[in-house]
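Tertiary structure, described
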Amino acid sequence: MALCPEKLLGYANQNPAALIRAGLTNPIFDKPKLGRLSGKNTLLSLESLLQLQPDLIVDCGNVSNTHLSLAHRLQQLTGINTLLIDGNLQDSAAQLQQLGQVLGLETRANILAEKANNILNNANHYAATHSSKSFYFARSPNGQQTGLSGSIHTQAIEVLGLKNVAQSQHFYGLAQVSMEQIIQWDPDVIITQEPLFAQHIQHHPVWRSLRAIKTNQLLVFSNQPFGWLDTPPGINRLLGLQYLQNRLLNISPQQVELDVQQFFEHFYQSQLSLPQVRQLLAI
Amino acid sequence: MTLTHIKYPLLICVCLGSLLLAFSSGQYPLSLQQQGMLLLHFFSQHSNDINDSAANVFWHLRLPRILAAIMIGAGLAAAGAAYQGMFRNPLVSPDILGVSAGAGLGAVLGIYLDQSMLMIQLLAFGSGMLMVLLVCAIARLSQQRDPMLSLVLVGIALAALCGAGISLIKLLADPYSQLPSITFWLMGGLSGISLSDLQATMPLILIGLLPLFLLRWRMNLLSLPDDEAKTLGINVRQTRLIFIASATLLTAAAVSLAGIVGWLGLVVPHIARLMAGADFRQLLPTSMLTGAALLLFTDTLSRTLVDIELPLGILTACIGAPFFIFLLIRGQGRR
Amino acid sequence: MLLELKQVAIGYSQQQLATDINIQIADAEIVCLLGRNGSGKTTLLKTILNLQAPLTGQIYIAGKPLSQWSAPELAQQIAYVPQAQHYCFSFSVLQMVLMGCQARLRLFATPSTQDTQRAYQALAILGIEHLAKQQIDQISGGERQLVLIARALTQSPKLLIMDEPAASLDFGNQIKLLNQIQQLKQLGIAVLMSTHHPRHAELVADSVVILHKHTHAIQGLPSALLTALELAKLYGVSQHSIERHLSGVTPPLFNTKVLP
């Protein structure tokens, strides 16, 4: 999508119509929501897929035996080439380049890969040179759902060397945690991209008593056009990653806004005005 | 007779035990002594010399959660005992008329539409009640001679429809943000309970319990065959409607607050019946105490067993199902 | 008259079971109801208990139309003794008998100590006081039937309606039951019971009702109705075999081939 929206046939989960109306997204992204294809809950029937006549199916995410066999089967059934790309955040540049080669768009792919690499290198550099703060990533309206350390949900934050307080030896991925546990963890920073949560804690005495909230260390991220840090786990996370680093370094607002503007321009081919950027950041 | 005499003190000890265990465990270190002090300070209006966050944990987290566990445990158990009596079937659970399925659909829809927690709870409660109303209305239309049988059958059918609705929403939901929330809700849990939740739900549970308590003797007659009950001089239809309404109110209130906590309403009345016998006058309070103690204990496990929250539904099923099988095997001779 | 049926027809909307039923029962009268399987005996009893409506005709209890009685009032006039059956929950015998108090209880009340005494009295009348603390599913079928009669007595009714009370009892228990029923008469309670044994009717009944399927019912004295001729008509068997069975000296089985 970032690489060549004109070649995209449709989306699995998103419907960008509202974003386009709001002027946040370039109209070239106006494609139908087709539904998920991979995995068990397939919404898009194979027949309608064939009717769309795609040349290539790209699936970016976990490369496990299950996904691999599903991709094989898809290719066998439809006769359409299927590309399964490992969605690891650190490999974003390689993913872009690989896809660029397949699609014959090496030039643009290389530009984006370089941008991605820049962001990631900066982040790695930051991680190596700054003392790590601890963070809690609040999901769901009451904020008690979180991504455990090492999960794809918090990967973008952890790249910056921040330490996820939610560490569990026996569990991976998402989990529900108790408030007492959060108090006990006492994170330096609380990060969220759930607007309802940001509202919720305004009136919640326990959340407000947390050190991170008292010291104004609640960082709220936008979830438009995609979640900046998570949901989905794609290159959209580079934006959140960059913004988070800027916030942590207390970069001047002008620079922050410029970075966001540029990211939208490069990756989403969308020109945002300053008020629009501020609107996204104000959330 | 002596056995029955020991049973009640034993039950009360178990209740107190699980209460103390619940108060004394949790990730945040808070001694019982400190908590006693906090309570004392509250009643004597003294200034607070215990640190803020301890007070916060006690007043806003541990206490509401414990109260909620007691309330929901007692409510679900009472509803289960009432439903089992009414349907003259010890294998019936409070979900029989589709309350849980309806509430589940409401909550899932709320999550899908990105509603706030309060709205999700309201939706769950409303659609749970609505579902039972619908089941009763449709069952009245049916040609079945036995009204209870048609209620059960319509309940099963509508619960299946709700299940389909839930599956559909799960399919449409955003797999990265909404789907996990839906999954967590459907597994039940008391992690997000606040005092204001309690204030809203407590009255509903009390309103549901009141008729059950006042009409506790009549419940016995309702568990006889309809003809017998009628000739003994009670209005079976009316009484049953009151019981269904109360038990449904209890279940819907509990489910809207805690998500789907299975097995409790099915297993607890059995345990209580072993202790107190079939007479609803004793069965109701025994069920409520047992249910409260069991859910309190289970919830304590769910928040302390590992560093994250284990969903309640998983734990109650792990405790409930084996126990139920045990009862089935053992109960063959008794029934 | 305690109970009076005038030109009553019974059955369900799709199916009429019997018509032209005229029955009168006086205080302390024992009436036996006989009829073939499926002739509508149970339906008739249920109709009298106001569990289902008659298709046509009027039923009066103590001179007042049945439909005007409220459920608790009616329960103090007529009590029902169903066939002893399996109960889903094991109440104790005492709890079961206490349920007979329901009709006199106010809305939110539970049985008082007086009610408990009354229940014990009922158990004493039937001689099963010792069973009070037992579970209903742990006593024998005959005892269970007596418990149900005790429960009916606790309602202090004027009329007991029993649906084949002897059906599942052994020979000894049948005799005991019939004795108990005669004892009820001494207490001034009328009994309407259905039975498959003309013998039982002969032993206890003051009057007999014979229900002919689809046609009519007749009430009369046992001596008039329990004749071989009437019974042969009722059950559709030969008069001779009825005489043989009712004579009390049934020939040994190996002699049966001699008979027609």
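Parameters and conventions
Residues numbered from 1 in each chain as written. Chains lettered and ligands numbered in written order. Predicted model: local features only at pLDDT ≥ 70, side-chain atom pairs only at ≥ 80, totals over all residues. Helix = DSSP H or I, 4+ residues; strand = E, 2+ residues; numbered from the N terminus. Rg over C-alpha atoms; globule rule 2.2 N^0.38 Å. Buried ≥ 20, exposed ≤ 12 C-beta atoms within 10 Å, placed from the backbone. Contact = placed C-beta atoms within 7 Å. Core = buried A, V, L, I, M, F, W, Y, C linked by C-beta atoms within 7 Å. Domains from an automatic or database assignment. Nonpolar A, V, L, I, M, F, W, Y, C, P; charged D, E, K, R; others polar. pLDDT = per-residue confidence, 0-100. Pairing = 2+ DSSP bridges. Axes fitted to C-alpha atoms, helices over the stretch in contact; angles between N-to-C directions. Left-handed = near helix turned anticlockwise from the far one by under 90°. Expected span 1.5 Å × (residues − 1).

**Some thoughts on the overall build of chain B**
Scanning chain B from N- to C-terminus turns up 14 helices and zero strands. Each helix (α) and strand (β) of chain B, taken in turn from the N terminus, gives the series α-α-α-α-α-α-α-α-α-α-α-α-α-α. For chain B, whose C-alpha radius of gyration is 21 Å, the value lies close to the compact-globule estimate of 20 Å for 335 residues. The principal-axis extent of the C-alpha atoms belonging to chain B is close to 65 × 60 × 40 Å. Each of the 335 residues in chain B was classed as buried or not, and the buried ones make up 51%. Long-range contacts, defined here as pairs at least 24 residues apart, represent 75% of the contacts in chain B between residues at least 6 apart.

**What about the overall build of chain C?**
Helix and strand counts for chain C come out as 10 helices and 10 strands. In terms of overall dimensions, chain C is globule-like: its C-alpha atoms have a radius of gyration of 19 Å, near the 18 Å expected for 260 residues. When the backbone C-alpha atoms are referred to their principal axes, chain C occupies close to 65 × 45 × 35 Å.

**Some words on the interface of chain A and chain B**
With 29 residues of chain A at the contact, the number on the chain B side is 28 residues. By residue number, the principal contributor to the side of chain A that touches chain B is helix α7 (residues 179–185) of chain A, which donates five residues.

**Concerning the nonpolar core**
The biggest cluster of nonpolar side chains holds 176 residues, and the ones touching the most others in it are A78 and A82 of chain B together with V97, A150, L160, I161 and V191 of chain C. For this core, the element with the most residues is helix α3 (residues 52–86) of chain B, which contributes 15 residues. Here this core gathers at least three residues from each of two domains, domain 1 (3–77 + 158–226) and domain 2 (87–156) of chain C. Core analysis: the next-biggest nonpolar cluster, separate from the first, contains 58 residues, I183, F221, L241 and Y268 of chain A among them.

**Thoughts on the arrangement of the chains**
Ranking by contact count across two pairs of chains in contact places chains A and B at the top. The two partners chain A and chain C share no contact, and the minimum distance between any of their C-alpha atoms is 41 Å.

**Let's talk about the interface of chain B and chain C**
Facing 21 residues of chain B, the contacting portion of chain C comprises 22 residues. The set of elements that each furnish at least two residues to the side of chain B that touches chain C consists of α9 (216–222) and α10 (226–231) of chain B. Residue composition of the side of chain B that touches chain C, grouped by class: eight nonpolar, seven polar and six charged.

**Topic: the confidence of the model for chain C**
All names here are of chain C. Per-residue pLDDT for chain C has a mean of 87; in total, 95% of the residues score no lower than 70. Long-range and interchain partners of residues 249–260, a stretch whose pLDDT sits below 50, account for two contacts in this model, where long-range means more than four residues apart. Of the two predicted TM-score estimates for the complex, the pTM is 0.87 and the ipTM is 0.87.

**Concerning the domain arrangement of chain C**
Residues and elements named next belong to chain C. Taken as a whole, chain C is organised into domain 1 (3–77 + 158–226) and domain 2 (87–156). With 11 residues of domain 1 in contact, the opposing surface of domain 2 contributes nine residues. Of all the secondary-structure elements, those providing two or more residues to the side of domain 1 that touches domain 2 are α2 (71–75) and α6 (171–186). Here the side of domain 1 that touches domain 2 is built from residues that sort into six nonpolar, four polar and one charged.

**Thoughts on the pairing of strand β7 (residues 189–192) of chain A**
All names here are of chain A. Taking every second residue as pointing to the same face, both faces of β7 are buried, with V189 and I191 on one and I190 and T192 on the other. Of the pairings in the sheet, the one linking strand β3 (residues 134–138) to β7 comprises four bridges and is parallel in character. Paired with Y136 across the bridge in β7 is I190. In this sheet, strand β8 (residues 218–220) lies alongside β7 in parallel orientation, the contact comprising three bridges.

**Structural notes on the sheet that holds strand β6 (residues 78–81) of chain C**
Residue and element names in this part refer to chain C. Taken together, six strands build an open sheet; the order of strands is β6-β7-β8-β3-β9-β10 and the sheet is mixed. Across the chains shown, the open sheet's two edge strands, defined by having one partner strand only, are β6 and β10 (217–220). Taken over all neighbouring pairs, the strand axes of this sheet differ in orientation by 15° on average, direction set aside. One ladder, built from four bridges, connects strand β3 (residues 30–35) with strand β8 (residues 190–194); its direction is parallel. Across the sheet, residue L33 finds its bridge partner in β8, namely S194. Each of β6 and β7 (159–163) is contacted by helix α5 (residues 141–154), which is oriented at about 170° to β6, the strand it contacts most.

**Regarding the packing of helix α4 (residues 99–112) of chain B against helix α11 (residues 236–258) of chain B**
All names here are of chain B. Where α4 meets α11, the closest approach of the two axes is 10 Å, and the angle between their N-to-C directions is 35°. By crossing handedness, the relation of α4 to α11 is classed as right-handed. In this structure, α4 contributes V99, S100 and A103 to the contact, and α11 contributes T248, T251, A252, V255 and S256. Taken together, the residues of the contact of α4 with α11 sort by class into four nonpolar, four polar and no charged.

**Some thoughts on the sheet that holds β8 of chain A**
The parallel open sheet is built from four strands, whose spatial order is β5-β3-β7-β8 (chain A). A strand with exactly one partner marks an edge of an open sheet, and here the two such strands are β5 (163–164) and β8 of chain A.

**Here we look at helix α4 (residues 92–103) of chain A**
Residues and elements named next belong to chain A. Across its 12 residues, α4 extends 16 Å between first and last C-alpha, which sits within 8% of the 16 Å expected from 1.5 Å per residue. Within α4, burial applies to S92, A93, Q95, L96, Q97, L99 and G100. G104 sits one or two positions beyond α4 and adopts a positive phi of about 70°.

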